[in-house]
Amino acid sequence: MKTLVTKRLILRDWHLKDAFDLFEYAKLPTVGPNAGWNPHLCIEESQVIIKRFIEQNDTWAVELTSEAKVIGSIGLHKRTDLTGNFVTELGYVLSTPYEGNGYMTEAVKAVIAYAFEELNVPLIKVYHFIGNTKSERVIQKCGFIFDQRLIYKTVANGEKPSKSYHLDFQEYIKLKGREQ
Ligand SMILES: CC(C)(COP(=O)(O)OP(=O)(O)OC[C@H]1O[C@@H](n2cnc3c(N)ncnc32)[C@H](O)[C@@H]1OP(=O)(O)O)[C@@H](O)C(=O)NCCC(=O)NCCS
């Protein structure tokens, strides 16, 4: 994956040596369950997930530059939507002690710019579980447009009432114009 550098973060490939940092936040009950996966029970589980990230090559490690530490992840995943079309879905998590500093909003903006300007992705979808107001705010602050309420099927936590959003290239360009 291309390394993306923002004011305070480096979005980069995962390495096996990141397992300690991943486990530090993946074990927390505040992280995985809000994104549809169960907390990691041991560091070996984090190592398996890192191997999967490396294999699938669609998820960046979010490194906080000032601490040289991985504090989250962000990915662009190819999925099939409810109507059977291929879509690019954005997903992200951040270590709880680092919340509230605008880090994930900063990471999402960088990934959106890269997706539209370099990968030529036509449309990005993003979802959050109803009640996850922190993620909802990230999505709103990054300019996504609300589509609908729906039931999202998660691997670990069954079906969860959720909201879906999208951003397409034209909307991104308008957003960029307003921010300049
Ligand atoms: C959702 C998440 C990525 C937000 O990351 P973040 O870096 O804290 O995002 P921001 O700092 O931009 O904060 C977003 C909003 O969350 C709220 N928030 C963040 N941390 C908070 C805290 N500790 N207490 C209260 N509100 C908080 C704020 O309202 C903020 O919006 P504002 O800027 O309008 O005030 C992070 O909370 C997380 O990973 N949560 C668990 C996993 C998850 O929910 N992933 C997303 C699945 S869809």
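Preceding this paragraph is the structure being described.
Residues numbered from 1 in each chain as written. Predicted model: local features only at pLDDT ≥ 70, side-chain atom pairs only at ≥ 80, totals over all residues. Heavy atoms only, no water.

**Student:** Which residues make up unusual backbone geometry, and what values go with them?
**Tutor:** Located in the positive-phi region is Asn57, a residue other than glycine, with phi close to 55 degrees. Positioned with a positive phi, Ala68 is a non-glycine residue whose angle comes to about 50 degrees. Here Ala68 lies in the loop between strand 3 (59-64) and strand 4 (69-80). (Helix = DSSP H or I, 4+ residues; strand = E, 2+ residues; numbered from the N terminus.)

**Student:** Describe the pattern of salt bridges, naming the residues involved and giving the relevant values.
**Tutor:** Within this structure, the stated rule accounts for 11 salt bridges. The salt bridge partner of Lys109 is Glu179, with a shortest N-O separation of 3.9 Å. Highlighted residues: Lys109 in helix 3 (residues 103-117) and Glu179 in helix 5 (residues 169-179), separated in sequence by 70 residues. One salt bridge connects Asp147 with Lys125, and the closest N-O pair in it is separated by 3.0 Å. Here the residue Asp147 occupies a position in strand 7 (residues 145-154), and Lys125 occupies one in strand 6 (residues 123-129), the gap between them amounting to 22 residues. Each of the salt bridges in this network shares a partner with another, and the network as a whole consists of Arg12, Asp18 and Glu63. (Salt bridge = Lys/Arg side-chain N within 4 Å of Asp/Glu carboxyl O.)

**Student:** Explain the site of the ligand residue by residue, including any values.
**Tutor:** Within the structure, the ligand sits among 21 residues, and Leu94, Glu99, Gly102, Thr105 and Lys141 are positioned closest to it. A distance of 3.5 Å separates an oxygen atom of the ligand from a polar atom in the backbone of Tyr103. Between the ligand and Thr105 there is a distance of 2.6 Å, counted from an oxygen atom to a side-chain nitrogen or oxygen. Here the ligand has 910 Å² of accessible area as a free molecule, and 73% of this is covered by the chains. (Near = heavy atom within 4 Å. Polar contact = N/O pair within 3.5 Å; in protein donor to acceptor, adjacent residues only side chain to side chain. Areas by Shrake-Rupley, 256 points an atom, 1.4 Å probe, with all protein chains shown as cover.)

**Student:** Residues and numbers for the packing of aromatic side chains, please.
**Tutor:** For any pair of aromatic rings, the description rests on two quantities: the centre-to-centre distance and the angle between the ring planes. Tallying each qualifying case throughout the model produces 6 aromatic pairs. Measuring from centroid to centroid gives 5.6 Å for Phe146 and Tyr165, while their planes differ by 70 degrees, and the two rings are edge-to-face. Note that Phe146 is positioned in strand 7 and Tyr165 in strand 8 (residues 158-168), a separation of 19 residues in sequence. An aromatic cluster of at least three residues, connected via ring pairs, comprises Phe116, Phe169 and Tyr172. Over the face of the ring belonging to Phe129 we find Lys160, whose NZ or CZ atom lies 5.0 Å from the ring centre. (Phe/Tyr/Trp six-rings, centres within 6.5 Å; stacked < 30°, edge-to-face > 60°. Lys NZ or Arg CZ within 6 Å of the ring centre and 35° of its normal.)

**Student:** Explain the sheet that holds strand 1 (residues 4-5) to me, and be specific about the residues and the numbers.
**Tutor:** Sheets are built from strands paired through backbone hydrogen bonds, the pairs being either parallel or antiparallel. The 8 strands are arranged 1-2-3-4-5-6-8-7 in an open sheet whose pairing can be described as mixed. Of all the strands in the sheet, the pair left with one neighbour each is strand 1 and strand 7. Where strand 1 meets strand 2 (residues 9-12), 2 bridges bridge the pair, whose relative direction is antiparallel. Its bridge partner being in strand 2, Val5 is matched across the sheet by Ile10. Across the sheet, helix 1 (residues 19-26) touches strand 4 and strand 5 (86-94), and the angle it forms with strand 4 is around 80 degrees. (Pairing = 2+ DSSP bridges. Contact = heavy atoms within 4.5 Å. Axes fitted to C-alpha atoms, helices over the stretch in contact; angles between N-to-C directions.)

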